[in-house]
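Chain residues, written in single-letter form:
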Amino acid sequence: MERTLVILKPCTVQRGLIGEIISRFEKKGLVLVGMKMTWLTDELLSEHYAHLKEKSFFQRVKDAMRTCPVIVCCWEGIDAVEAVRTLAGKTNGRNAAPGTIRGDYSMSVQENIVHASDSLETAKVELSRFFDPSELYEYTPSNIWSLYANDEI
Ligand code: TYD
């Protein structure tokens, strides 16, 4: 099983879409193993978006991420990193495919509903950045045999 980080961005919190977006991941069959509301700091966001630090929009993106608290969550599943990225859709909500979260809920590049880790390596680093190990839980969902075939897990 893989674990991956999703952040419901301030735009999602402000638009009252938290429940709807969480529900998309639940309906997919991903298992929620950690979740909390937190107000991000510029320092943490500088680490999180370090790959964008030379970009003109670096500060703007960081500022947008701390206009209100966000929801950080950890989802678990087989190939969860790729499954979540596929569900999130392309960065720019305007040309993200219909059926994806960004395609269905966003008209913006920046205000694009969710952050999702882009590789397994990144997911590990990002999960340890946003969660204490004690905040992530181990459990087997009771519907596991309806989610996967027995040779998949
Ligand atoms: P990035 O890591 O490239 O995309 P993704 O979130 O799909 O992994 O960019 C991080 C965030 O920065 C992105 O979600 C929205 C914002 N951003 C802009 O505001 N303008 C841009 O041109 C790009 C590429 C990203």
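Along every chain, residues carry numbers that run from 1 in the direction the sequence is written. Local features in a predicted model are, by the rule used here, given only for residues with pLDDT of at least 70; side-chain atom pairs are given and counted only at 80 or more, and totals for whole chains, interfaces and linings are based on all residues. To get the side-chain values, take all heavy atoms of the structure and skip hydrogens and water.

Undergrad: Could you give an account of helix α2 (residues 18-28), with specific residues and numbers?
TA: Residues I21, I22, S23 and F25 constitute the buried set of α2. To qualify as a helix, a DSSP run of H or I must reach at least 4 residues; to qualify as a strand, a run of E must reach at least 2; elements of each kind are numbered from the N terminus. Where α2 ends, the next residue or the one after it, G29, has phi of about 110 degrees, a positive value. Note on exposure labels: buried denotes an accessible area under 20% of the residue type's maximum, exposed denotes more than 50%, and partly exposed covers the range between, all computed with a 1.4 Å probe on protein chains only.

Undergrad: Provide a residue-level description of the side chain of N112, including the pertinent values.
TA: Topologically, N112 is positioned in the loop between α6 (101-105) and β4 (114-116). Taking the relative accessible area as the measure of exposure, N112 reaches 2% and is therefore buried. Any two residues having at least one pair of non-hydrogen atoms within 4.5 Å are treated as being in contact. Not counting residues within four places of it along the chain, the set of residues in contact with N112 comprises K9, C11, T91, R102 and S106.

Undergrad: Which residues make up the sheet that holds strand β2 (residues 31-38), and what values go with them?
TA: Think of a sheet as strands paired side by side through backbone hydrogen bonds, with each pair either parallel or antiparallel. Here a strand pair is declared whenever DSSP counts at least two bridges between the two strands. One open sheet accounts for four strands, arranged β2-β3-β1-β4; its pairing is antiparallel. Of all strands in the sheet, those bounded by a partner on one side alone are β2 and β4. Taking the axes of each pair of neighbouring strands and ignoring which way they run, one obtains an average angle of 20 degrees across the sheet. In this sheet, β4 lies alongside strand β1 (residues 2-8) in antiparallel orientation, the contact comprising three bridges. Counterpart to L8 in the pairing with β4 is V114. Of the strands in this sheet, β1, β2, β3 (70-77) and β4 touch α2, which is tilted by about 10 degrees from β3. Lines are fitted to the C-alpha atoms to define the axes, a helix being fitted only along its stretch in contact, and any angle between axes, read from their N-to-C directions, falls within 0 to 180 degrees.

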